[in-house]
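# A structural walkthrough
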Amino acid sequence: MKSSEKLAMMMSLYHTHDLLPNQCSSRLVQTTDAPLPLVWSMVRRFDKPQAYKKFIKSCTMRTGDGGVGSVRDVVVVSGLPAKTSIEKLEKLDDNFHVMSFRIIGGDHRLANYRSTITLHEDNGEIGGKTVAIESYVVDVPAGSSREDTCSFVDTIVGCNLRSLAKITEKMAC
């Protein structure tokens, strides 16, 4: 299978969402000047999201060892409109570089949030570039608009992806 066919298949499987009337969704892309195995080694650590997600203060495992079905308790840095998040790992595929989790509790407004990140080698570049694609679906809270909700979540996810790129690029040097 050609890399373009594989990417199209991954987009269809993991980044195309059927939305309910009260939901919004988005997809963000970040290219990283680091090899896929290095980037994946950071992303796949469900027990250490704070390694690159700068809005997370700490993370402890509630159940599991970081594999599918594990649940983590996340403490968010101060200044955000949340303090904690309880998240469940739903998919972790080391062969196709896919990780998906769902927020199942916490004191925030991101109801029914689920996120999927996939990593892909950028075959057009020599030297080990990685393309990270992250998409999400979330309910639009009462009193908020789709645009405001997506803008808020896009800001957080975008910051996380840029941080992932910066950290892995520094590690790759």
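Okay, so let's go over this structure. Owing to the predicted nature of the structure, the values given are computational and were not obtained by experimental measurement.

Quick look at the sheet that holds strand S7 (residues 130–139) now. Spatially, S1-S7-S6-S5-S4-S3-S2 is the arrangement adopted by the seven strands of the open sheet, whose pairing is antiparallel. Edge positions in the sheet fall to strand S1 (23–32) and strand S2 (56–63), since each has one partner strand and no second. Within the sheet, the average angular offset between the axes of one strand and its neighbour, ignoring direction, is 25 degrees. With six bridges joining them, S2 and strand S3 (residues 71–76) adopt antiparallel strand pairing. Following the sheet pairing, Met 61 is matched in S3 by Arg 72. Sheet strands touched by helix H1 (residues 3–14): S1, strand S4 (84–93), strand S5 (98–106), strand S6 (114–121) and S7. Its angle to S6, the strand with the most contacts, is close to 175 degrees.

Attention shifts here to the packing of helix H2 (residues 36–43) against helix H3 (residues 146–172). Running from amino to carboxyl end, H2 crosses H3 at an angle of 130 degrees, the nearest separation of the two axes being 10 Å. The orientation of H2 with respect to H3, classified from their angle, is oblique. Considering only the axes of H2 and H3, their crossing is right-handed. The segment H2 lies against H3, with Leu 38, Val 39, Met 42 and Val 43 engaging Leu 164, Ile 167, Thr 168, Met 171 and Ala 172. Looking at the contact of H2 with H3, its residues break down into eight nonpolar, one polar and no charged.

Glancing now at the pattern of salt bridges. Following the criterion strictly, the structure yields six salt bridges and no others. The closest approach of N and O atoms between Arg 45 and Asp 47, which form a salt bridge, is 2.9 Å. In this structure Arg 45 comes out as partly exposed when scored by relative accessible area, which is 36%. Take Asp 47: its relative accessible area is 21%, and that puts it in the partly exposed class. Linking Glu 87 and Arg 72 is a salt bridge whose minimum nitrogen-to-oxygen distance equals 2.6 Å. Of the two residues, Glu 87 is situated in strand S4 and Arg 72 in strand S3; the sequence distance between them amounts to 15 residues.

Along the chain, the position of Ser 41 falls in helix H2. A C-alpha to C-alpha distance of 16 Å links Ser 41 and Ile 133, two positions 92 residues apart in sequence. For Ser 41, the side chain forms a polar contact with the main-chain oxygen of Leu 38, separated by 2.6 Å.

Thresholds, definitions, all that
- Residues numbered from 1 in each chain as written.
- Predicted model: local features only at pLDDT ≥ 70, side-chain atom pairs only at ≥ 80, totals over all residues.
- Heavy atoms only, no water.
- Pairing = 2+ DSSP bridges.
- Helix = DSSP H or I, 4+ residues; strand = E, 2+ residues; numbered from the N terminus.
- Axes fitted to C-alpha atoms, helices over the stretch in contact; angles between N-to-C directions.
- Contact = heavy atoms within 4.5 Å.
- Parallel < 35°, antiparallel > 145°, perpendicular 65-115°, else oblique.
- Left-handed = near helix turned anticlockwise from the far one by under 90°.
- Nonpolar A, V, L, I, M, F, W, Y, C, P; charged D, E, K, R; others polar.
- Salt bridge = Lys/Arg side-chain N within 4 Å of Asp/Glu carboxyl O.
- Buried < 20%, exposed > 50% of the residue type's maximum accessible area, 1.4 Å probe, protein only.
- Polar contact = N/O pair within 3.5 Å; in protein donor to acceptor, adjacent residues only side chain to side chain.

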